[in-house]
Amino acid sequence: MSCIQTDDFYNDLYDLMTIRECLPVSNHWKEYAKSNRYMNASDEAMGRFAAFSSELQLHFMKGERYARKSATIREWQNEARAKDQQLEKAQAPRNFSCRACSSRTMKVISKDLHDWGEGTCRSLFLFECSS
Ligand SMILES: [Zn+2]
């Protein structure tokens, strides 16, 4: 199984992350308009102020995210390619036997990479006894 995904996957993932980063800002300004008053401003005035503030802040956040999008996706793709190469080079362990029958004829049925959260991926092989 390859680690690399389609361009659409990375674009969608990045956009989803952008939404997750921006949504709290939008919600903050909505709550701000409900719970704050500046010099007896009307609900409408506070709503307009919050909407303007929200749009201004989001404009810069989205711009910064857009500016980093290509480089970030390229970095993700390079990491996925490195994982694919690591998986391709991984050699199945030898010199072990089946726990049930002690046979040494074990067949690899699955080979995968697992990220254990230590910054490195380790190969995981699953075997099936051939006897
Ligand atoms: Zn066996």
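What you are looking at is a predicted structure, and each value in this text was computed from that prediction instead of being measured.

Caption draft 1: Seen up close, the overall build of the protein. Scanning the protein from N- to C-terminus turns up 2 helices and 2 strands. Along the protein, from the amino end to the carboxyl end, the secondary structure elements read α-α-β-β. For the protein, whose C-alpha radius of gyration is 26 Å, the value lies well above the compact-globule estimate of 14 Å for 131 residues. Projected onto its principal axes, the C-alpha positions of the protein cover 85 × 30 × 25 Å. Relative to its 131 residues, the protein shows a buried fraction of 2%. A separation of at least 24 residues holds for 59% of the contacts in the protein among residues at least 6 apart in sequence.

Caption draft 2: Representation of the pairing of strand 2 (residues 121-129) within the structure. When strand 1 (residues 106-115) meets strand 2, the two strands line up antiparallel, connected through 9 bridges. Bridge assignment links Asp112 to a residue of strand 2, and that residue is Leu124. Where strand 1 folds back on strand 2, the antiparallel hairpin that results is connected by 5 residues, among which Gly117 adopts a positive phi of roughly 80°.

Caption draft 3: Structural context of the domain arrangement of the protein. When its domains are assigned, the protein resolves into domain 1 (1-89) and domain 2 (91-131). One C-alpha centre belongs to domain 1, the other to domain 2, and the line joining them spans 40 Å. Counting residues at the interface gives 5 residues for domain 1, matched by 5 residues for domain 2. Grouping the constituent residues of the side of domain 1 that touches domain 2 by class yields 3 nonpolar, 1 polar and 1 charged.

Caption draft 4: Broad picture of the environment of Ser110. The residue Ser110 is located in strand 1 in this model. Residue classification places Ser110 among the exposed positions, given that 10 C-beta atoms sit within 10 Å. Distance in space between the C-alpha atoms of Ser110 and Leu126 is 4.9 Å, their sequence separation being 16 residues. With residues near it in sequence (within four places) discarded, Ser110 still touches Phe125 and Leu126.

Caption draft 5: Molecular detail of the environment of Phe125. Inspection of the secondary structure puts Phe125 in strand 2. Along the primary structure Phe125 and Lys111 are separated by 14 residues, whereas in three dimensions their C-alpha atoms are 4.6 Å apart. In this structure, Phe125 is in contact with Ala92, Pro93, Val108, Ser110 and Lys111, ignoring residues within four places of it in sequence.

Calculation criteria
- All chains use their own residue numbering, which begins from 1 and follows the written sequence.
- Local features in this predicted model are restricted to residues whose pLDDT is 70 or higher, and side-chain atom pairs enter the listing and the counts only when it is 80 or higher, whereas totals over whole chains, interfaces and linings include all residues.
- The helix count covers DSSP runs of H or I at least four residues long, the strand count covers runs of E at least two residues long, and both are numbered beginning at the N terminus.
- With the radius of gyration taken over C-alpha atoms, the globule rule is written as 2.2 Å times the number of residues to the power 0.38.
- In this scheme the burial state of a residue depends on its C-beta neighbours within 10 Å: 20 or more other such atoms mean buried, 12 or fewer mean exposed, and anything in between means partly exposed; the C-beta positions come from the backbone.
- Contacts are defined on C-beta atoms placed from the backbone: any two residues whose C-beta positions lie within 7 Å are in contact.
- Two strands form a pair only when DSSP identifies at least two bridges running between them.
- A domain assignment, automatic or from a database, supplies the domain bounds used here.
- Residues were grouped as follows: Ala, Val, Leu, Ile, Met, Phe, Trp, Tyr, Cys and Pro as nonpolar; Asp, Glu, Lys and Arg as charged; and all remaining residues, including Gly, as polar.

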